[in-house]
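A look at the structure
These are the residues of each chain, in order.
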Amino acid sequence: MTLSKSLYTRGIQCSKSLWLKKHNPSVLTSPDASAQAVFETGNAVGSLAHELFPNGEEVVFSRDSEEMLFSTQRHIKNGVSNIYEATFVYDGILVMVDILHLDADGVSIYEVKSSTSVKEIYIHDVSIQYYVLEHLGFNVKSANLVHINSSYVRGDELDIGELFCVVDVSQEVKSLHANIPHVLKEFENYLSDKTTEPDIDIGKHCKNPYECDAKDYCWRVQRSIPEYSVFNIFNLGSKKQVELYEKGIVDIKDVPDSFAMTAKQAQALSNYKSGVTHIDKDAIEEFLSTFTYPVYHLDFETYQQAIPEFKGISPFMQIPFQYSLHIEHEDGRLEHCEFLAQDGEDPRELLAQKLCEDIPSDVTVLAYNMGFEKGVIRKLASNYPELSEHLLCIHDNIKDLMTPFQQKHYVTPSMNGSYSIKYVLPALVPEMQNAYKELDGVQNGGEAMNAFANMSKFGEVEKQRMRNSLLEYCKLDTLAMVRVLGKLKEVVLK
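To keep things clear, this report deals only with the structure shown in the data block. Note that the structure is a prediction, hence the values are computed from the model and not measured. (Residues numbered from 1 in each chain as written. Predicted model: local features only at pLDDT ≥ 70, side-chain atom pairs only at ≥ 80, totals over all residues. Heavy atoms only, no water.)

1. Re the pattern of salt bridges
Inspection of the entire model under this criterion finds 24 salt bridges. K5 is the partner of D125 in a salt bridge, and the nearest nitrogen-oxygen pair spans 3.9 Å. Separated by 120 residues along the polypeptide, D125 in helix α5 (residues 120-135) and K5 in helix α1 (residues 5-13) bring together distant segments of the chain. Assigned by exposure class, D125 and K5 land together as buried. (Salt bridge = Lys/Arg side-chain N within 4 Å of Asp/Glu carboxyl O. Helix = DSSP H or I, 4+ residues; strand = E, 2+ residues; numbered from the N terminus. Buried < 20%, exposed > 50% of the residue type's maximum accessible area, 1.4 Å probe, protein only.)

Take a look at the structure:
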């Protein structure tokens, strides 16, 4: 049996996932742009963490593990005190230690993660490294996790010591050590049979600690779980969801009316089973009566930096770089304003200034899921005191277009129990069902985030194409809000 530490932690999450990765990888979902961005972030954070242990030598990655093993041994022989990606193998288990610190009396393991906390799966990651090194005869003095400090705020210069937290997890790792041979034996039993897929049912492990790339195969292909199922109404792994699943009930239409559930769950069940659109005209009319015209439909796009590039930025803080604004007058006339920052610059101040120019302080501002927009504006107000009064007026005047759907004032079966704009828009405005799919380059928020974050890597022609794509995507977001509001107004007028 041959395993890497990533395969080991995959097996910890689900042995079936490990078996599929080794023996039937074609059923796994390929990484999307978001997954690739996470991978690239991890590499960047890992490289920066080397500066915590300077004057080291890096083992250059090669598909030939023998070359990496030889390079590691050469560095050890030469007395290098810090080795990055130090590579070892024991009994078929190959590990690459992010940072290995060597002293005269032993070694210390440092595993670098781009997250902001210590997670249980990380302990398993370090434990298999500890296991390999111990069996190779090293005296492992300590096992440590290095992660991002989310409370760090960058000053004029990046402070590496403040950006990272180093946590000694030696005791947690040692507590797993005795059980590792049993875990490896279990994996070996599964993997030795290349034709019989392990019979492991779906459950919480499909999403925890990571969403498994075999989820679609296990859920949709093997068990025909519909897109809208009991898992949407009852939380995955909850007592009620498990009870239904054990009875073979996954389709919502098969849930008995007598099944004990909350009022909200019962309402979702009833709405779906009836197949009837439910509209509370009075509630919608009351919601709309709070608006003044013109209405300013607002949508932000943001991105995050694990390693803050600009003063005042914290790791993974939402940094607004773009907004779209459709201004809807009472007679239906529309105006459109927009902002898209230049790459490589801190976008916040210019965006805040432009926002104050485009939105008066005493108008109705409409967002979909307003908590996000409000959070962005509050942060801008705290960063730029000279604009804070105006920004906070905008903040206080924001209303949430999601409210009628969240409060079940407007429900159709095609919304699949969701009040996400992803379901609300095609349900109310069928002609816009494919609007996002027809966009070129950027079709969702994740792609927008990745496009802007990587803009500096593009040539001028590709950069301009991507900027145009970002503008079209964000513009569609606020146009969608205009159309949804229009449908609500039609309901009231009928």
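Now that the structure has been shown, we can carry on.
2. Details of unusual backbone geometry
Looking along the chain, the bond that leaves N208 and enters P209 is cis, with omega of 5°. Relative to the assigned elements, P209 resides in the loop between α8 (180-192) and α9 (215-222). A cis amide bond links Y293 with the next residue in sequence, P294, at an omega value of 0°. In this structure, P294 sits in the loop between α13 (281-288) and β9 (295-303). In this model, N416 sits at a positive phi of 50°, which is unusual for a non-glycine residue. Examined against the element boundaries, N416 turns out to sit in the loop between β14 (410-411) and α18 (421-428).

3. Things to note about the sheet that holds strand β10 (residues 319-328)
With respect to topology, five strands assemble into an open sheet ordered β11-β10-β9-β12-β13, the strand pairing being mixed. Looking at the sheet topology across the chains shown, the edges are occupied by β11 (334-340) and β13 (398-400). Within this sheet the neighbouring strands show an average axis-to-axis angle of 30°, counted without direction. Pairing geometry for β9 and β10, over nine bridges, is antiparallel. Paired with L298 across the strands is L325, a residue of β10. Across the sheet, helix α19 (residues 445-453) touches β9, β10 and β11, and the angle it forms with β9 is around 60°. (Pairing = 2+ DSSP bridges. Axes fitted to C-alpha atoms, helices over the stretch in contact; angles between N-to-C directions. Contact = heavy atoms within 4.5 Å.)

4. Brief notes about a negative patch on the surface
Together, D280, D282, E285 and E286 make up a region of like negative charge exposed at the surface. With respect to the element layout, E286 can be found in helix α13. (Patch = residues over 30% accessible without salt bridge, like charges linked within 9 Å, V, L, I, M, F, W, Y side chains within 5 Å. Areas by Shrake-Rupley, 256 points an atom, 1.4 Å probe, with all protein chains shown as cover. Lys, Arg positive; Asp, Glu negative; His and termini not counted. Charge placed at Lys NZ, Arg CZ, Asp CG, Glu CD.)

5. Notes on the packing of aromatic side chains
For the structure on display, the rule yields 17 aromatic pairs. An angle of 45° between the planes, with centres 4.4 Å apart, marks the rings of F53 and Y110 as tilted. Placement of the pair is F53 in the loop between α3 (33-49) and β2 (57-58) and Y110 in strand β5 (residues 106-112), with a sequence separation of 57 residues. With respect to class, F53 is no different from Y110; both count as buried. Considering the side-chain rings of F234 and F259, the 5.8 Å spacing of their centres and the 85° angle between planes classify their relative orientation as edge-to-face. Placement of the pair is F234 in the loop between α10 (230-233) and α11 (239-246) and F259 in the loop between α11 and α12 (263-274), with a sequence separation of 25 residues. Per residue, the accessibility class of F234 equals that of F259, and both read buried. Put simply, the rings of W219, F231 and Y245 touch in pairs and so form one group of aromatic residues. (Phe/Tyr/Trp six-rings, centres within 6.5 Å; stacked < 30°, edge-to-face > 60°.)

6. Considering the environment of Q171
Along the chain, Q171 turns up in helix α7 (residues 170-177). You can call Q171 exposed: its relative accessible area is 57%. A C-alpha to C-alpha distance of 8.9 Å links Q171 and S142, two positions 29 residues apart in sequence.

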